[in-house]
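# Fold and contact review
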Amino acid sequence: MERKGTLSEERLREFFREMLLIRRFEEKVEERFRAGDLPGFLHVAIGQEGVAVGVCRALEEGDVIASTHRAHGHTIAKGTHPNEVMAELYGKIEGCSHGYGGSMHLYDIERGNLGANAVVGGGLPAITGAALAFKLRGEPRVGVAFFGDGATNIGTFHEALNLAQLWKVPAVFVCENNHWAESTPASQQLAINDLTQRAAAFGMEAMKADGQDVEEVYTVAGRALKHAREGKGPVFLLCETYRLVGHYIGDPQVYRDKEELIELRETQDPIEKVRAKLWLTDEEFEEVDREVQELVEASVEFAKNGTDPKPEDALKNVYA
């Protein structure tokens, strides 16, 4: 049977591989965290890989992103090697933030990643500022901010979108609506069901995509980026997605209906949806899976063999 879609089979296979790499990376991160190798808190985005890959693959060279506390997928999809991400989680100098940031502060300026942020909605004003700089310089670049549905209730969200629309800056605001603000369901923290109404309040262009369909995300993100790049103003891109794990590693998820979560894992896994589109056999899947697992295992060895920072370096890059 012939597969119908906007992407060639070869391109969709690339997307599938990258999504699987992100999934296996985060599964390994969880394993090492539970083993006591990694300090601090860790937040994985298992189930949301389609948004990260679909949006980042639609970007052009020179475009920038700002991420959230759930940043591994965005960072890898934006081009940072798993070795550098894993090294950062281990606090090594070879990490993308040289060991200063950890899981919630993944930066890679050279590859256009202006950073993950532990503050909910923290990346939104930075992207409005970056996009304003692109406009003032006359550069054909776009700034992209990732954030969750809970962030749409934060003051900086409204301030950033208001100024972005007022100044008509080339920005795309990507809402990863996984229906949970940490452990609070949408029904208890949102007064509206359609979050594109948030953009309507500012007169901003809004678009929607099924976040579990990477092909659709890529297509719609492409339209949003084109709109912004052509000087027509910013875009609010709503991606309906699902977090198939807890808010953080170790989260008992007592606030979630267990039967509903099981159903979501069976029906809304974005990787399985791509696999079905490609009609991959078990052998083909296992071949790609082995390849990405080898990359992930190698990233752990790279991180463990990395360089520990000197204690006296702790106060470098601190401004007060």
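This one's a predicted model, so the numbers in the text were calculated from it and none came from an experiment.

Here the focus is the pairing of strand β2 (residues 143-148). With respect to burial, β2 is a largely interior element, five of its six residues being buried. Relative to β2, strand β1 (residues 64-66) is paired through three bridges, and the arrangement is parallel. Within β2, the residue paired with A66 across the bridge is A145. Where β2 and strand β3 (residues 171-177) come together, six bridges link them in parallel fashion.

Turning our eyes to something else, we now look at the side chain of D63. Turning to its location among the elements, D63 is positioned in the loop between α2 (49-58) and β1. Judged by relative accessible area, D63 falls into the buried class, the value being 1%. From its side chain, D63 meets the backbone nitrogen of V142 in a polar contact 2.9 Å long. Excluding anything up to four places from it in sequence, D63 contacts K78, G112, P140, R141, V142 and R229.

Let's shift gears to unusual backbone geometry. At E182, a residue that is not glycine, the phi angle is positive and equals roughly 60°. Relative to the assigned elements, E182 resides in the loop between β4 (180-181) and β5 (184-185). For E182, a relative accessible area of 42% gives the class partly exposed. One non-glycine residue, Q253, lies in positive phi territory at about 55°. Tracing the sequence through the fold places Q253 in the loop between β7 (235-240) and α10 (258-267). A residue is classified by how much of its surface remains accessible, and Q253, at 8% relative accessible area, is buried.

Rules used throughout
Residues numbered from 1 in each chain as written. Predicted model: local features only at pLDDT ≥ 70, side-chain atom pairs only at ≥ 80, totals over all residues. Heavy atoms only, no water. Buried < 20%, exposed > 50% of the residue type's maximum accessible area, 1.4 Å probe, protein only. Helix = DSSP H or I, 4+ residues; strand = E, 2+ residues; numbered from the N terminus. Pairing = 2+ DSSP bridges. Polar contact = N/O pair within 3.5 Å; in protein donor to acceptor, adjacent residues only side chain to side chain. Contact = heavy atoms within 4.5 Å.

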